[in-house]
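So the chains spell out like this:
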Amino acid sequence: MGLRNFKTRIKIKAEPVDVFAAFTNPFAIELWSGYAAVMPAEAGGEFSMWDGDIEGRVLELIPESKIVQEWYFGDQDEPSVVTIKIFPQGTSTQVDLLHTNIPDDAFDDISEGWTNYFLGAIKEFLEVD
């Protein structure tokens, strides 16, 4: 089974603190995703989203600037790691996302999920006028 990487960038009209919270605060995650979430406030803890469809471990958290997570895909030799970098960009916030070592058979669902249901939902949630 091959592994692939997914990389994308998005600008969100919101403050970095709010964007960071949308990725890390379980109450905010529930608001934009519609599902309860388990998200630890510090590195080392395990997380769960979308009724357990996405599970993993938080590897690194730097408030308002960086989130690193390992996502679980069953028995896999290489860890699947998500790195999210958050930068102020004028009146917006730029989010750079890199998700490595995604199994081939999950790549289309994961890339669509990031674009539409994760980043797209956060953007829509935070940019409400």
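Preceding this section is the structure that the text describes.
Residues numbered from 1 in each chain as written. Predicted model: local features only at pLDDT ≥ 70, side-chain atom pairs only at ≥ 80, totals over all residues. Heavy atoms only, no water.

Undergrad: Which residues make up the packing of aromatic side chains, and what values go with them?
TA: Tallied over the full model, the rule gives 7 aromatic pairs. Measuring from centroid to centroid gives 5.6 Å for Trp-32 and Trp-50, while their planes differ by 65°, and the two rings are edge-to-face. With Trp-32 in helix α2 (residues 26-33) and Trp-50 in the loop between β2 (46-49) and β3 (54-62), this pair connects stretches of sequence that are 18 residues apart. For Trp-32, a relative accessible area of 8% corresponds to the buried category. Judged by its relative accessible area of 15%, Trp-50 is buried. Arranged with centres 5.0 Å apart and planes meeting at 55°, the rings of Trp-32 and Phe-118 form a pair that is tilted. Taken together, the residues Trp-32 in helix α2 and Phe-118 in helix α3 (residues 104-126) connect sequence positions 86 residues apart. Among the aromatic residues, ring-to-ring pairing joins Phe-23, Trp-32, Trp-50, Trp-71, Trp-114 and Phe-118 into one connected group. Seen from the ring of Phe-107, Arg-4 lies directly overhead, with NZ or CZ sitting 3.8 Å from the centre. (Phe/Tyr/Trp six-rings, centres within 6.5 Å; stacked < 30°, edge-to-face > 60°. Helix = DSSP H or I, 4+ residues; strand = E, 2+ residues; numbered from the N terminus. Buried < 20%, exposed > 50% of the residue type's maximum accessible area, 1.4 Å probe, protein only. Lys NZ or Arg CZ within 6 Å of the ring centre and 35° of its normal.)

Undergrad: Lay out α3 with the relevant residues and their values.
TA: Residues that lie three or four places apart on an α-helix share one face, since the helix turns once every 3.6 residues. Compared with the 33 Å implied by 1.5 Å per residue over 23 residues, the 32 Å span of α3 between its first and last C-alpha is a close match. In α3, a bend of some 40° at Gly-113 exceeds every other bend along the element. Turning to α3, its buried residues number three or more, namely Ala-106, Phe-107, Ile-110, Ser-111, Gly-113, Trp-114, Phe-118, Leu-119, Ala-121, Ile-122 and Leu-126. (Expected span 1.5 Å × (residues − 1). Bend = angle between axes of the 7 residues up to and from the residue.)

Undergrad: How would you sum up the environment of Pro-26? Please name residues and give values.
TA: If you trace the backbone, Pro-26 turns up in helix α2. Taking relative accessible area as the criterion, Pro-26 reaches 23% and is therefore assigned partly exposed. Sequence-wise, Pro-26 and Asp-53 are 27 residues apart; in three dimensions their C-alpha atoms are separated by 15 Å. Those residues in contact with Pro-26 that sit more than four places away from it in its chain are Ala-37 and Met-39. (Contact = heavy atoms within 4.5 Å.)

Undergrad: Describe the packing of helix α1 (residues 16-24) against α2, naming the residues involved and giving the relevant values.
TA: Two elements in contact, α1 and α2, have axes separated by 6 Å at closest approach and are oriented at 85°. Considered as vectors, α1 and α2 are oriented roughly perpendicular to each other. Here Ala-21, Ala-22, Phe-23 and Thr-24 of α1 come into contact with α2, specifically with Pro-26, Ala-28, Ile-29 and Trp-32. Within the contact of α1 with α2, the residues separate by chemical class into 7 nonpolar, 1 polar and no charged. (Axes fitted to C-alpha atoms, helices over the stretch in contact; angles between N-to-C directions. Parallel < 35°, antiparallel > 145°, perpendicular 65-115°, else oblique. Nonpolar A, V, L, I, M, F, W, Y, C, P; charged D, E, K, R; others polar.)

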